[in-house]
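Observations on chain architecture
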Amino acid sequence: MQRNYWPTTEWQAVDRATLRMDSEKLSELEPMIKSEYSNINGIVVVRNGYIAYERYYNGYSPDDTHHVASVTKSIISALIGIAIDARYIKNVDQKVLDFFPEYVPDAADRQKREITIRHLLTMTVPYPFEDWHEPLDKMCIQPDWVKYTLDMLGQKGSIGAFKYSAAGAHLL
């Protein structure tokens, strides 16, 4: 189906059959969400720029905001792909510090200079905290999140070892 508008603040909903979507499968979502996924507050399925399915649970509505946490990482990775396709970024092996020419790391900090977009995407960057113990509350009070995150890159460990980090997603 060809879209004749671009959604900005309002998305249009159309009949699922028009979007070639299986209404029966989408109808199976609601009982499954209510019985097995009680922590879901809302779900919106969009196809070709049109809303095919939209439901809210637990007293939530489309006007409520949510902390989306890890979903951000998936969206960021898609946006990195779009930026590569549009040639804003060469590829995922481009060095992170290429994007921050004003940031000058310590001359002895060679590891930091080797960190790539791929390392941030795959969470294989060394950080000075234990895995799953990232001090996000400390980052949130920093006047400059970018500098704070760049300062942490490459500390305690080696490139290639997995370490979960929301700060890396913020940097991307």
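Residues numbered from 1 in each chain as written. Predicted model: local features only at pLDDT ≥ 70, side-chain atom pairs only at ≥ 80, totals over all residues. Heavy atoms only, no water.

**Remarks on the overall build of the protein**
A count of helical and extended segments in the protein gives 8 helices and 2 strands. Taking 2.2 N^0.38 as the reference for a compact globule, 172 residues should give roughly 16 Å; the C-alpha atoms of the protein span a radius of gyration of 20 Å, well beyond that estimate. If one aligns the C-alpha atoms of the protein with their principal axes, the spans along those axes are about 60 × 35 × 30 Å. Per-residue burial for the protein yields a buried fraction of 32% across its 172 residues. Within the protein, counting contacts between residues at least 6 apart in sequence, those at least 24 apart form 61% of the total. (Helix = DSSP H or I, 4+ residues; strand = E, 2+ residues; numbered from the N terminus. Rg over C-alpha atoms; globule rule 2.2 N^0.38 Å. Buried < 20%, exposed > 50% of the residue type's maximum accessible area, 1.4 Å probe, protein only. Contact = heavy atoms within 4.5 Å.)

**Quick notes on unusual backbone geometry**
A positive phi angle, close to 60 degrees, is found at Arg20, a residue other than glycine. By the element assignment, Arg20 lies in the segment before helix 1 (23-27).

**Things to note about the confidence of the model for the protein**
With 97% of its residues at a pLDDT of at least 70, the protein reaches an overall mean of 87. At the level of individual helices and strands, the protein shows its lowest average pLDDT in helix 6 (residues 136-140), which scores 80, and its highest in helix 5 (residues 117-122), which scores 96. (pLDDT = per-residue confidence, 0-100.)

**Details of helix 7 (residues 145-152)**
Turning to helix 7, its buried residues number three or more, namely Tyr148, Thr149, Leu150 and Met152. Looking at the buried side of helix 7, the elements it contacts are helix 4 (110-114), helix 6 and helix 8 (166-171). In the segment just after helix 7, Gly154 is the residue with positive phi, at about 80 degrees.

**Things to note about the environment of Pro7**
For Pro7, the position within the fold is in the segment before helix 1. Counting along the chain gives 133 residues from Pro7 to Cys140, while the straight-line C-alpha distance between them is 32 Å.

**Section: the pairing of strand 1 (residues 42-47)**
Sheet topology places strand 1 next to strand 2 (residues 50-56); 6 bridges connect them, and they run antiparallel. Each bridged residue has a counterpart across the sheet, and for Gly42 the counterpart in strand 2 is Tyr56. Hairpin geometry of strand 1 and strand 2 is characterised by an intervening segment of 2 residues between the two adjacent antiparallel strands and by a positive phi of about 55 degrees at Asn48. (Pairing = 2+ DSSP bridges.)

**Things to note about the nonpolar core**
With 16 residues, the main nonpolar core has Val96, Leu120, Tyr127, Leu150, Leu153 and Leu171 as its most contacted residues. Among the secondary structure elements, those contributing two or more residues to this core are helix 7 and helix 8. In terms of residue count, helix 7 provides more of this core than any other element does, 3 residues in total. If sequence neighbours within four positions are ignored, Leu153 has contacts with Val96, Asp109, Lys112, Ile115, Leu120, Val125, Pro126, Tyr127 and Leu171. Within the second largest apolar cluster, 9 residues are counted, among which are Leu19, Met21, Ile33 and Tyr50. (Core = buried A, V, L, I, M, F, W, Y, C linked by side-chain atoms within 4.5 Å.)

**Brief notes about the pattern of salt bridges**
All told, the structure shown has 6 salt bridges when counted by the stated rule. Salt-bridge contacts for Asp93 lead to Arg118; the nearest nitrogen and oxygen are separated by 2.8 Å. Here Asp93 is found in the loop between helix 3 (71-85) and helix 4, whereas its partner Arg118 is found in helix 5, with 25 residues between them in sequence. On the basis of relative accessible area, Asp93 is assigned to the partly exposed category, the value being 41%. Note on Arg118: relative accessible area 38%, which makes it partly exposed. Connected via shared salt-bridge partners are Glu30, Lys34 and Arg55. (Salt bridge = Lys/Arg side-chain N within 4 Å of Asp/Glu carboxyl O.)

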